[in-house]
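This is what each chain is made of:
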Amino acid sequence: MIDALIERVWSNPALSAALATLEKNWIARSAGIEAPSPGIEANSVRRYVEAAAILACSERTDQRLAAYRIATYAHELFRDQLDGLDAAVRAVLTRLGNFPGIATTVSIASALERSPWAIAGEELRRRSGNEVPIGGQMLALTDFQKALWNSLTTGGSLAISAPTSTGKSFVLQAFISKEFATRPGFSACYVVPTRALIAQVHTDLSMALLHAGAGQVEVVTVPPEEDEVLPEKAAFVLTQERLQILLKNHPQKSMNFLVIDEAHSIQDGDRGIILQTAIDELLARNPATQLLFASPTVSNLNVFGEMTGRLDVVPQSTDQLAVSQNFIDVEVTSASRGDVKIFARDGASRREVGAIRIGQTLASRVDCLVHVAHRFGSEKQSIVFADGQADAEKLAIQISELRSMDGKHEPSAALQELSELAKEAVHPKYSMAMTAQNGVGFHYGNIPTILRNAVEQAFISGDLRYLVCTSTLLAGVNLPAQNIFMHSPHRKKGVALDSIDFWNLSGRAGRLRKEFQGNIYLINYEKWDAQPLSGPRLCEIVPAIKSTINAKMEDLEAVIVGSRTAPRGSDSGLDTVFVRLLSDFKSGRIQATLDRADITVNRPERKRLEDALSQADKVVTLPPEVLSSSPTISAHRQQQLFSIFAEAISVRGERAAREFLLAHPRETDAFASYVNALSLCHRTILPKRGSDRQNRFFATMLLKWMQGISIPELVEDRIRFNRDASIATSIRGTLDLVETELRFNYVRTFGCYSAVLAEALRAAGLADLLRSLPSIPLYLEVGASDKTMISLISLGLSRLAAKRLTNICPVKTYNVVDARAWLGRQDLEILGFSSHIKREVERVLSSRSIAS
């Protein structure tokens, strides 16, 4: 009966006309332009909401979305004109299972007592089915969240695909916290694709653990060294690279629960191969590990079970949104006068809403983004998508200048603090020091952690009104806003944003519990290089191991036998797949690896690969555990380095071995040690054409970074080195040097150098010298070499805060427990630290004090 009623409502032409009229009026109101005519009669709105209440009972996504949009549009346009509208909209949200959305407005949140008895009873019954105990209270989840919770709490392994902002992270962290609070010996690892996400997940998970009564659990973000004992209760939040270091340093460590966030990154070249290798290693240690793969963009969720050999991984997907998005096409009709028309866009079709004169030249892409965002985004928090770091800074500076000219925006104390932090963390002349005072920030991956976190918090709190972002936002950084502004967006130079990334980015428009709708302003959409609204929202992914083997068989075979090298500086995956396959060949795992890559026994390519690997195995004598510790460096290059070590040690013995040992960054001969090592590495495992001057430059930068020298000091060095470059260029160049070279290229280079040297020492009977090998890769990863500073970073403090605190700590060898105890004894007011550093310390200490 209800199905017939739903179909009768849905097929009525008046419904689509009503939805279109409501949408245009809502967009006009949101954009601050005159409402289109004819208007909407208040009495008609009651019928619209009644129709929405019927459609909310449907199972179809399009009908449920229409119900949500009609009800929420009506509420925001007519809530002051119609009695009982709050209760009616609440009933629609209840039928949709969107209980968190009820808290969006006070009037709807308090409307249950004004609802008819029958409707109130229906809600109480529906709500009870979605309630779960989280953090000591019963919380009503969305239908999707409840299904996810049920699967996790019954021990299921899942691969989930859900739009951005559906609340999956909240459920995952609540589940991890519950398990730690109730399950002795539980261990979990939460893998994120980039370092930019570590701090956000660390903070959220720490709070979830507190609320669950499991605040004694250590949230570990830096892999402990080999000689350190792992915390008894620890949740690990790591990138795939840091997970790889953890597995190498602690070969017995296993996990009960493994989360792979942004799991589609399994297809991304070298990093995807490293991720799959780490997953496979954890499953080899504990085949019963509960798995959770999460992504907003994957259609073939079965791929995760296939690539791991875990056929119990159950796909679970939803395309239902917790908030809805309006796509607003802004067409420039006169660039010189700044005239624009506004359209409500739905794929290839659009409906005119109105026109307005902005009164500024809109000739270029930058002009359009700056002035359209300033005109339509100033009342609500807005994200502006930029094509790169320099573009982000340029846009932020111009929007900031417009807000300054308005004369309406006095910088708050929070914005003043953010401005000072930008000077302290990056450089006194960093452009964010200026833009932040006008409520405008920017966000890209190379920004130091302490400043990036502060920018994110300032945006979440509402102090920053605009945030200009690059494609970092696509890597899972959770920064939703009411408005997003785009103009011909590109993921990188020359590569237009595809439809998958576009829909992922658009999902940031609208914040659950804060608003019902989000707006995506598409400027001159019909002139874009691509039309992503008409493209797919999901895509099939192929793990990088499988795609490299199947698509590059000839090249891979040549790399394996050593007749060809992988292209220099490429992310082709060839060397990484070679190392993975050869390691598996040596350890007896090759059959399973090839099976999962769909290289079946009856395919001729299988024999070719096995023959090539057999040939390489005779040449490369390094054991699999050494090869796999440097997964992106060719096994042949690793063997070349080993041969150099072995030959020198065989001729000159221990003296030669000691010359190869890397000095600790605090030792007086560290610089000379690194120059010599770089000279060798640049000839073998990290080929670089250059001179001794280049080796000395990188040795200087490496040494300063590991000694904890601040970013502003490194920027000043670069400014003195290249006086012809602008300060902004020197700042970006320094940040890129730190992230691309020091924390990526040289982390893997020195990791390989250390692993291969260790094997050469063991082979020569000089294993005692291994105790003299410092953890250079870890020091480069975190930018610190004093154990106390590393421990402070492990607690969740930024590098800047950890360095300032280490400077006043008389003991440089504290582990995490001792560092926390020392931190608790300090009076930060007397010591004169900045407010941001004090808040960092208070957050770290409160996680334990509240729990105890």
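Residues numbered from 1 in each chain as written. Predicted model: local features only at pLDDT ≥ 70, side-chain atom pairs only at ≥ 80, totals over all residues. Heavy atoms only, no water.

Draft legend 1. The overall build of the chain, seen in detail. Regarding its fold elements, the chain presents 37 helices and 19 strands. Computed over its C-alpha atoms, the radius of gyration of the chain comes to 29 Å, within 12% of the 29 Å expected for a compact globule of 852 residues. The dimensions of the chain, computed from C-alpha atoms along their principal axes, are 95 × 65 × 55 Å. When burial is assessed residue by residue, the chain has 58% of its 852 residues classed as buried. Taking the contacts inside the chain whose residues are at least 6 apart along the sequence as the reference set, 70% of them involve residues at least 24 apart. Counting only carbon and sulfur atoms, one obtains 50% of the accessible surface of the chain, whose full area is about 34,200 Å². (Helix = DSSP H or I, 4+ residues; strand = E, 2+ residues; numbered from the N terminus. Rg over C-alpha atoms; globule rule 2.2 N^0.38 Å. Buried < 20%, exposed > 50% of the residue type's maximum accessible area, 1.4 Å probe, protein only. Contact = heavy atoms within 4.5 Å. Areas by Shrake-Rupley, 256 points an atom, 1.4 Å probe, with all protein chains shown as cover.)

Draft legend 2. Spatial organisation of the packing of helix α3 (residues 42-55) against helix α5 (residues 85-95). Orientation of α3 relative to α5, taken along the N-to-C sense of each, is 20°, at an axis distance of 8 Å. Taken together, the axis directions place α3 and α5 in an arrangement best described as roughly parallel. The crossing of α3 and α5 is left-handed. For the pair α3 and α5, contact is made by V49, A52, A53 and I54 and by L85, A88, V92 and R95, respectively. Here the residues of the contact of α3 with α5 are counted per class, giving seven nonpolar, no polar and one charged. (Axes fitted to C-alpha atoms, helices over the stretch in contact; angles between N-to-C directions. Parallel < 35°, antiparallel > 145°, perpendicular 65-115°, else oblique. Left-handed = near helix turned anticlockwise from the far one by under 90°. Nonpolar A, V, L, I, M, F, W, Y, C, P; charged D, E, K, R; others polar.)

Draft legend 3. Representation of the sheet that holds strand β6 (residues 234-238) within the structure. Taken together, seven strands build an open sheet; the order of strands is β5-β6-β4-β7-β8-β3-β9 and the sheet is parallel. The sheet is open, and its two borders are formed by β5 (218-220) and β9 (313-317), each paired with just one other strand. Strand-to-strand twist across the sheet, computed as the mean angle between neighbouring axes with direction ignored, equals 15°. Note: strand β4 (residues 188-191) against strand β7 (residues 257-260), four bridges, orientation parallel. Across the sheet, Y190 pairs through a bridge with V259, a residue of β7. Relative to β6, helix α10 (residues 198-211) is tilted by about 160°, and along the sheet it contacts β4, β5 and β6. Sheet strands touched by helix α12 (residues 269-285): β4, β7 and β8 (290-295). Its angle to β7, the strand with the most contacts, is close to 170°. (Pairing = 2+ DSSP bridges.)

Draft legend 4. Expanded view of the pairing of strand β3 (residues 157-161). Counting buried residues in β3 gives five out of five residues, a clear majority hidden from the surface. Of the two faces of β3, the one lined by S157, A159 and S161 and the one lined by L158 and I160 are each fully buried. In this structure, β3 lies alongside β9, joined through five bridges in parallel fashion. In the strand pairing of β9, S161 is matched with S317. Relative to β8, β3 runs parallel, the two sharing four bridges. Pairing of I160 across the sheet is with A294, part of β8.

Draft legend 5. Region of interest: the environment of A234. Positionally, A234 belongs in strand β6. For the pair A234 and V219, spaced 15 residues apart in sequence, the C-alpha separation works out to 5.7 Å. In this structure A234 touches F180, S187, A188, V217, E218 and V220, once residues within four positions along its chain are discounted.

Draft legend 6. Up close: the packing of aromatic side chains. Counted under the stated rule, the structure contains 22 aromatic pairs. A centroid spacing of 5.9 Å and a plane angle of 45° characterise the contact between W26 and Y73, whose relative ring orientation is tilted. In this pair, W26 is assigned in helix α2 (residues 13-31) and Y73 in helix α4 (residues 61-78), connecting sequence segments 47 residues apart. Y73 carries the same exposure label as W26, and that label is buried. In textbook terms, an aromatic cluster arises when at least three aromatic residues are bridged by ring pairs, as seen for F645, F660, Y674, F697, F698, F721, Y746, F750 and Y753. (Phe/Tyr/Trp six-rings, centres within 6.5 Å; stacked < 30°, edge-to-face > 60°.)

Draft legend 7. Summary view of the pattern of salt bridges. Applying the stated criterion across every chain, the model contains 53 salt bridges. Put simply, E829 and K838 hold a salt bridge, and the shortest N to O gap is 3.3 Å. Accessibility expressed as a relative area gives 58% for E829, which makes it exposed. Taken together, the salt bridges that share partners define one network made up of R195, R242, E739, R743 and E781. (Salt bridge = Lys/Arg side-chain N within 4 Å of Asp/Glu carboxyl O.)

Draft legend 8. Representation of the side chain of T164. Here T164 is to be found in the loop between β3 and α9 (168-182). Using a relative accessible area of 13% as the deciding quantity, one classes T164 as buried. A distance of 3.1 Å separates polar atoms of two side chains, one belonging to T164 and the other to N504. Looking at T164, its side chain comes within polar contact range of the side chain of R508, at 3.3 Å. Setting aside residues up to four positions removed in sequence, T164 forms contacts with P296, N504, G507 and R508. (Polar contact = N/O pair within 3.5 Å; in protein donor to acceptor, adjacent residues only side chain to side chain.)

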